[in-house]
Amino acid sequence: MCLFSLCALLSACAAWNKPDVIKQAELMPMAPPIGPSRRVVQQITALWPGRKETFLCVLELDKQRIAMAGLTNDGFGLFNLTYDGKTIVSDKSPLLPDSVAPELIITDLQLVYWPATVLKKNLHGSLWRLEVDTSQRQLYYQGNKTVEVNYLLPDAIWAKSVELINHRHNYRLLIKTISHEDLSE
């Protein structure tokens, strides 16, 4: 990826989301990490009005933690983050703006891949509602659809191709799984 593309990606990430816009109460409550232990490599294409950027995401998860690294297509690190079921710890490239919200990355990931029964346990009262069928999930906050997930190439273990549309923050993610492997625990 050339320097121009990296700068475009970083400026696009700045438009992804403003920290003062996201309130913790408006984020889907995070679910605990789940097993089995696995490593997943994905190509994520992020689309905002007038912008499109692609990066790689390497994910490792087990019952105790989620670890994720975002990389340019040339392998330059954009961010690392971990989540232990209680706390998110992130380490971002100094070039990556503060406006990139790791909380959205984790909640997007969980909304796409976690079992619906696990997600529904974490939704509080009447604020949140999750509707699920075999090819789609729709998340509502206070009666308004905030996120929808479309399974373009479903798989019983880990969907190979997914589209996530975040209506509230005005972005779309196309997620393509490049590799998926179970790890010994």
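Look up: the structure comes first, before these words.
In this report, we go over the structure that sits alongside the text. (Residues numbered from 1 in each chain as written. Predicted model: local features only at pLDDT ≥ 70, side-chain atom pairs only at ≥ 80, totals over all residues. Heavy atoms only, no water.)

Some words on the overall build of the chain
And step 1. Helix and strand counts for the chain stand at three helices and 10 strands.
And step 2. Order of helices (α) and strands (β) in the chain, N terminus to C terminus: α-β-β-β-β-β-α-α-β-β-β-β-β.
And step 3. Considering only contacts within the chain whose residues lie at least 6 apart along the sequence, 51% involve residues at least 24 apart.
And step 4. Accessible surface, the chain as shown: approximately 9,400 Å² in total, 54% of it carbon and sulfur. (Helix = DSSP H or I, 4+ residues; strand = E, 2+ residues; numbered from the N terminus. Contact = heavy atoms within 4.5 Å. Areas by Shrake-Rupley, 256 points an atom, 1.4 Å probe, with all protein chains shown as cover.)

Considerations on the environment of Tyr-140
And step 1. Position of Tyr-140 among the secondary structure elements: in strand S7 (residues 136-141).
And step 2. Taking the relative accessible area as the measure of exposure, Tyr-140 reaches 12% and is therefore buried.
And step 3. Along the backbone, Tyr-140 and Arg-129 are 11 residues apart, and their C-alpha atoms lie at a distance of 5.1 Å.
And step 4. Those residues in contact with Tyr-140, other than ones at most four positions away along the chain, are Leu-127, Trp-128, Arg-129, Glu-131, Lys-145 and Thr-146.
And step 5. At 2.6 Å, the side chain of Tyr-140 and the side chain of Gln-138 are in polar contact. (Buried < 20%, exposed > 50% of the residue type's maximum accessible area, 1.4 Å probe, protein only. Polar contact = N/O pair within 3.5 Å; in protein donor to acceptor, adjacent residues only side chain to side chain.)

Brief notes about the side chain of Arg-38
And step 1. Inspection of the secondary structure assignment puts Arg-38 in strand S1 (residues 38-48).
And step 2. We note that Arg-38 is buried and unpaired, the nearest opposite charge coming from Asp-182 at a distance of 4.7 Å.
And step 3. At 3.3 Å, the side chain of Arg-38 and the backbone oxygen of Pro-36 are in polar contact. (Lys, Arg positive; Asp, Glu negative; His and termini not counted. Salt bridge = Lys/Arg side-chain N within 4 Å of Asp/Glu carboxyl O.)

Comments concerning the packing of aromatic side chains
Here a ring pair, both rings aromatic, is described through the centre-centre distance and the interplanar angle of the planes.
And step 1. The tally for this structure, following the rule as stated, stands at two aromatic pairs.
And step 2. Ring centres 4.6 Å apart and planes at 50° place the aromatic pair Trp-128 and Tyr-141 in the tilted group. Residue Trp-128 is located in strand S6 (residues 128-133), and its partner Tyr-141 is located in strand S7; the two are separated by 13 residues in the primary sequence. An identical accessibility class is assigned to Trp-128 and Tyr-141; each is buried.
And step 3. Stacked on the ring of Tyr-140, the Lys or Arg Arg-129 has its end atom at 4.1 Å from the ring centre. (Phe/Tyr/Trp six-rings, centres within 6.5 Å; stacked < 30°, edge-to-face > 60°. Lys NZ or Arg CZ within 6 Å of the ring centre and 35° of its normal.)

What to know about the nonpolar core
And step 1. Of all hydrophobic cores here, the largest spans 43 residues; its most connected members are Met-68, Tyr-113 and Trp-114.
And step 2. Take this core: its biggest share by element is seven residues, from helix H2 (residues 102-113).
And step 3. Not counting the four nearest positions on each side in its chain, Tyr-113 is found in contact with Gln-42, Trp-158, Ala-159, Val-162, Ile-175 and Thr-177. (Core = buried A, V, L, I, M, F, W, Y, C linked by side-chain atoms within 4.5 Å.)

Topic: the pairing of strand S2 (residues 51-61)
And step 1. Summarising the sheet, S1 and S2 pair through 11 bridges and their orientation is antiparallel. By the bridge assignment, Leu-47 is partnered in S2 with Lys-52.
And step 2. The turn linking S1 back onto S2 is made up of two residues, and Gly-50 within it adopts a positive phi angle of 80°.
And step 3. Here six bridges tie S2 to strand S3 (residues 66-71), and the two strands are oriented antiparallel to one another. Within the sheet, the bridge partner assigned to Val-58 lies in S3 and is Ala-69.
And step 4. Between S2 and the antiparallel strand that follows it, S3, lie four residues. (Pairing = 2+ DSSP bridges.)

Details of the pairing of strand S10 (residues 171-182)
Within a regular beta strand, the side chains point alternately toward one face of the sheet and then the other, so they alternate between its two faces.
And step 1. With 10 bridges connecting them, S1 and S10 associate as antiparallel partners. Bridge pairing in S10 links Ile-44 to Ile-175.
And step 2. Across six bridges, the pairing between strand S9 (residues 161-166) and S10 is antiparallel. Across the sheet, Glu-163 pairs through a bridge with Leu-174, a residue of S10.
And step 3. Taken together, S9 and the strand that follows it, S10, pair antiparallel across an intervening segment of four residues, in which Asn-170 is found at a positive phi of about 60°.

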